[in-house]
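# Survey of secondary and tertiary structure
Residues per chain are reported as follows:
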Amino acid sequence: GEPVFVPSKATGKTLAAELPGPEKGGRVLYPASAKARTEVQGGLTARGFACTRLNTYDTVSATWSAAQHEQARSAAVVALASPSAVKTWVEYVGAVPAAACIGE
């Protein structure tokens, strides 16, 4: 089916600001990464929601082969889609010559 609500921007801060409600006693269960920032639950709580965060997963760095390290070092442009991807890249490779990133 179709989503009931889509925020105007795909960020936790915007989601917390635009989520409809709450009605009296509105409650939200927020499943998140153990490493997720606190913008969603903090923003919802500030708006009057009773927000319970449930850490449902954790991100860990993958192990790379020598060939993957070489491939990474030779990349001209890197597309990064999460803070943990940036952190792992910097740990394994160092600076990025050019990067395309999503998020803020």
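Residues numbered from 1 in each chain as written. Predicted model: local features only at pLDDT ≥ 70, side-chain atom pairs only at ≥ 80, totals over all residues. Heavy atoms only, no water.

### Some details on the confidence of the model for the protein chain
Across the protein chain, the average pLDDT comes to 89, with 98% of residues at 70 or higher. Within the protein chain, no element has a lower average pLDDT than strand β4 (residues 99–101), which sits at 80, and none a higher one than strand β2 (residues 50–57), at 95. (pLDDT = per-residue confidence, 0-100. Helix = DSSP H or I, 4+ residues; strand = E, 2+ residues; numbered from the N terminus.)

### Side note on the pairing of β2
Sheet topology places strand β1 (residues 27–33) next to β2; 7 bridges connect them, and they run parallel. Within β2, the position partnered with A32 by the bridge is N55. What joins β1 to β2 is helix α2 (residues 39–46), and the crossover it makes is right-handed. (Pairing = 2+ DSSP bridges. Right-handed = clockwise from strand over helix to strand, strands pointing away.)

### Focus: the packing of aromatic side chains
Evaluated as defined, the whole model comprises 2 aromatic pairs. Ring centres 6.0 Å apart and planes at 65° place the aromatic pair W64 and W89 in the edge-to-face group. Pair noted here: W64 is in the loop between β2 and α3 (66–73) and W89 is in helix α4 (residues 83–92), with a separation of 25 residues, a long-range link. The exposure class assigned to W89 is buried, which follows from its relative accessible area of 10%. The interplanar angle of 85° and the centroid separation of 4.7 Å between the aromatic rings of W64 and Y92 together place this pair among those described as edge-to-face. Of this pair, W64 sits in the loop between β2 and α3 while Y92 sits in helix α4, and the two are 28 residues apart along the sequence. You can call W64 partly exposed: its relative accessible area is 22%. Put simply, the rings of W64, W89 and Y92 touch in pairs and so form one group of aromatic residues. (Phe/Tyr/Trp six-rings, centres within 6.5 Å; stacked < 30°, edge-to-face > 60°. Buried < 20%, exposed > 50% of the residue type's maximum accessible area, 1.4 Å probe, protein only.)

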